[in-house]
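# Observations on chain architecture
The chain contents come next:
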Amino acid sequence: MRVRIVLGVVLAAALLFGLGALAGRPSGGASTPASVQPDRPQGTSRLVATIAAQQERLRKVPGDWTAWAALGEAYLEQSRVSADPAYYPKAEGALRKSLEVRPEGNAAALAGLGALANARHDFATARDLAGQALAVNAWSDTAYGVLADAETQLGHPDAATAAVQRMLDLRPGLASYTRGSYDLEQHGKRAEAVALMQQALASATEPADVAFCHQHLGSLAWAAGDLATATRHVTLGLAADAGTVGLWQLKARLDTAAGDLTAALADLEKVVARTPTVDALLDQARLLQVAGKDPGPALSLARAAHTLFTANGGTDDLGAAALALAAGDATAAARLAIAEWDRRQFGEVADMVAWTLMSAGDPAAALPFARHANALGQVDATLAYHYGMVALAAGDKDTALVQLRLALALNPKFSPVDAPIAVRTLATLES
């Protein structure tokens, strides 16, 4: 039966490529560079075994272009698992070696380089590489996944939906279901997004994939203010794989909503100990501040994580804007957010531009961006709150009333800082 979506996400390379399939690629033939030397990667036992198997294969058959592509894909997944962008150059080296050995007809390496470009936030390049891979193999569901992720982040929702639909047509399964669910979520189709993510869950066999699906089902429930359902998915997900950091991030939100900041901070400590990303560290810094603790060390680590990402080929002015805003420099934050917007017109970027422009004292300039961030109808209390506060600052009280009511109706505990402000502001407007 064909799965139809009506209306995209940078997902893990594990979902895109399927690490279970990486170990047994066909052979090729020719000299072993130093980059094949074993490096004892951290991560799941399956991932470690996959990398070791590909390295061993290439020592024996250095001309196996499929093994080079598989090794590059595995290095890319390793970077995600460990939140270590230092694996990006290793992934690129292996994928480019695959193209060097087999320059024509190598859709796998092109798609792998596209996924790497997505990971580095070079979405325009990722889109071009996906197109090149599809020119080689028009039936590559992997390339369509890369294309869907890139078009989503570039702010091209129709193109993203078309790519997701093609991926679903070619290979209905975990990777396409999850992308389809995210695409529906972006368009405010929450019930349909939940239904498709339930299909993804039904198709998941690996514990990490089961946990991943529960994480996203829990996030959908959280966005709609259904904290009981979100809690149930967190419990089930952690039972499947307690190492899924996204579940601990969601648990931190739930613990914060329940007023247990000690538990929430312990949850986030588990997250940053395993994947010290800019977003996770900024979450930790904000919660430390709410708890009356010093956020300085977490902010310092967040800046270091951003530096590491950019040093390994990444581009992230959105993260830089969030860091500048956390440091109290709204003018710099707005400049950085606008630079990101110039590269990609995605809703999340529009939201950051709006919020930073308002924080910098220019709500009139912020308002069109706030509208754009909400244009697709995504169900998200923070987006609605930002829109409402920007509208109020720009003098549009009617829109402010609608959006602040929406934010609190969706999830009255969406933020320990912003939700109380929304309540007070709404009360003032309604009086």
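As the structure is a prediction and not an experimental result, all values here were calculated from the model.

## Observations regarding the UniProt feature "repeat: TPR" (unreviewed entry) in the chain
Taking the UniProt record as the reference, the feature "repeat: TPR" (unreviewed entry) is found at residues 381–414. The span residues 381–414 is 79% helix and 0% strand, and its two end C-alpha atoms sit 6 Å from each other.

## Quick notes on the side chain of T356
Locating T356 in the fold gives a position in helix α19 (residues 347–359). Exposure remark for T356: the relative accessible area of 0% places this residue in the buried category. Only 2.8 Å separates the side chain of T356 from the backbone oxygen of M352, close enough to count as a polar contact. Setting aside chain neighbours within four positions, we find T356 in contact with L325, A330, A333, A334 and A337.

## Observations concerning helix α8 (residues 157–170)
With 14 residues, α8 ought to run about 20 Å at 1.5 Å a step, and its terminal C-alpha atoms sit 20 Å apart, in line with that. Buried within α8 are the following residues: A160, T161, A163, V164, Q165, M167 and L168.

## Section: unusual backbone geometry
Peptide bonds are, in most cases, trans, and in most cases residues other than glycine have a negative phi. Positive phi, normally seen in glycine, also occurs at A83, with a value near 55°. Relative to the helices and strands, A83 is located in the loop between α3 (65–82) and α4 (87–101). Of note in this structure, H121 is not a glycine but carries a positive phi near 70°. The topology assignment puts H121 in the loop between α5 (107–119) and α6 (123–136).

## As for the packing of aromatic side chains
Counting across every chain of the model gives five aromatic pairs. Judged by centre distance (5.3 Å) and plane angle (85°), the ring pair of W341 and F369 falls under edge-to-face. Here W341 is found in helix α18 (residues 330–343), whereas its partner F369 is found in helix α20 (residues 363–373), with 28 residues between them in sequence. With a centroid separation of 5.6 Å and an interplanar angle of 50°, the aromatic rings of Y385 and F414 are classed as tilted. Note that Y385 is positioned in helix α21 (residues 381–393) and F414 in the loop between α22 (397–410) and α23 (418–430), a separation of 29 residues in sequence. Classification of F414 by relative accessible area gives buried; the value is 10%.

## A short note on helix α15 (residues 278–290)
Across its 13 residues, α15 extends 18 Å between first and last C-alpha, which sits within 8% of the 18 Å expected from 1.5 Å per residue. Burial in α15 covers these residues: V278, A280, L281, L282, Q284, A285, L287 and L288. Elements that come into contact with the buried residues of α15 comprise α13 (245–257), α14 (261–274), α16 (296–311) and α17 (317–326). Within two residues after α15, G292 carries a phi angle of roughly 80°, on the positive side.

## Observations concerning the confidence of the model for the chain
Residues at a pLDDT of 70 or more form 90% of the chain, whose mean pLDDT is 90. For the stretch residues 1–15, pLDDT sits under 50, and the model shows 55 contacts to residues farther than four places along the chain or on other chains. Contacts of residues 17–43 to residues separated by more than four positions or lying in other chains number 68 contacts, the stretch itself having pLDDT below 50.

## With respect to the packing of helix α12 (residues 227–240) against α13
Relative orientation of the contacting elements α12 and α13 amounts to 140°, with a least axis distance of 10 Å. Relative to α13, α12 is oriented so that their crossing is left-handed. Judged by residue contacts, L227, A230, T231, H233, V234, G237 and L238 of α12 engage L247, W248, L250, K251, L254 and A257 from α13. Considered class by class, the residues forming the contact of α12 with α13 number nine nonpolar, three polar and one charged.

## Focus on the packing of α22 against α23
Viewed as axis vectors pointing N to C, α22 and α23 meet at an angle of 135°, and their least axial separation amounts to 10 Å. Viewed along their axes, α22 and α23 adopt a mutual orientation that is oblique. Crossing angle aside, the handedness with which α22 passes α23 is left-handed. Between α22 and α23, the residues in contact are K397, A400, L401, L404, R405 and L408 and A419, A422, V423, T425, L426, L429 and E430, respectively. The residue inventory of the contact of α22 with α23, partitioned by class, reads nine nonpolar, one polar and three charged.

## What to know about the environment of D316
Position of D316 relative to the elements: it lies in the loop between α16 and α17. Residue classification places D316 among the buried residues on the basis of a relative accessible area of 12%. On a C-alpha basis, the gap between D316 and E340 in space is 7.5 Å, while along the polypeptide they are 24 residues apart. When residues no more than four places from it in sequence are discounted, the contact partners of D316 are H121, H306, F309 and E340. Within the structure, the side chain of D316 is placed 2.8 Å from the backbone nitrogen of G319, a separation counted as a polar contact.

## Section: the environment of G319
Mapping G319 onto the fold places it in helix α17. Counting along the chain gives 13 residues from G319 to H306, while the straight-line C-alpha distance between them is 7.2 Å. In contact with G319, other than residues within four places in its own chain, are V278 and H306.

Conventions and cut-offs
- Residues numbered from 1 in each chain as written.
- Predicted model: local features only at pLDDT ≥ 70, side-chain atom pairs only at ≥ 80, totals over all residues.
- Heavy atoms only, no water.
- UniProt positions renumbered as here; feature names shortened; annotations may be inferred.
- Helix = DSSP H or I, 4+ residues; strand = E, 2+ residues; numbered from the N terminus.
- Buried < 20%, exposed > 50% of the residue type's maximum accessible area, 1.4 Å probe, protein only.
- Polar contact = N/O pair within 3.5 Å; in protein donor to acceptor, adjacent residues only side chain to side chain.
- Contact = heavy atoms within 4.5 Å.
- Expected span 1.5 Å × (residues − 1).
- Phe/Tyr/Trp six-rings, centres within 6.5 Å; stacked < 30°, edge-to-face > 60°.
- pLDDT = per-residue confidence, 0-100.
- Axes fitted to C-alpha atoms, helices over the stretch in contact; angles between N-to-C directions.
- Left-handed = near helix turned anticlockwise from the far one by under 90°.
- Nonpolar A, V, L, I, M, F, W, Y, C, P; charged D, E, K, R; others polar.
- Parallel < 35°, antiparallel > 145°, perpendicular 65-115°, else oblique.

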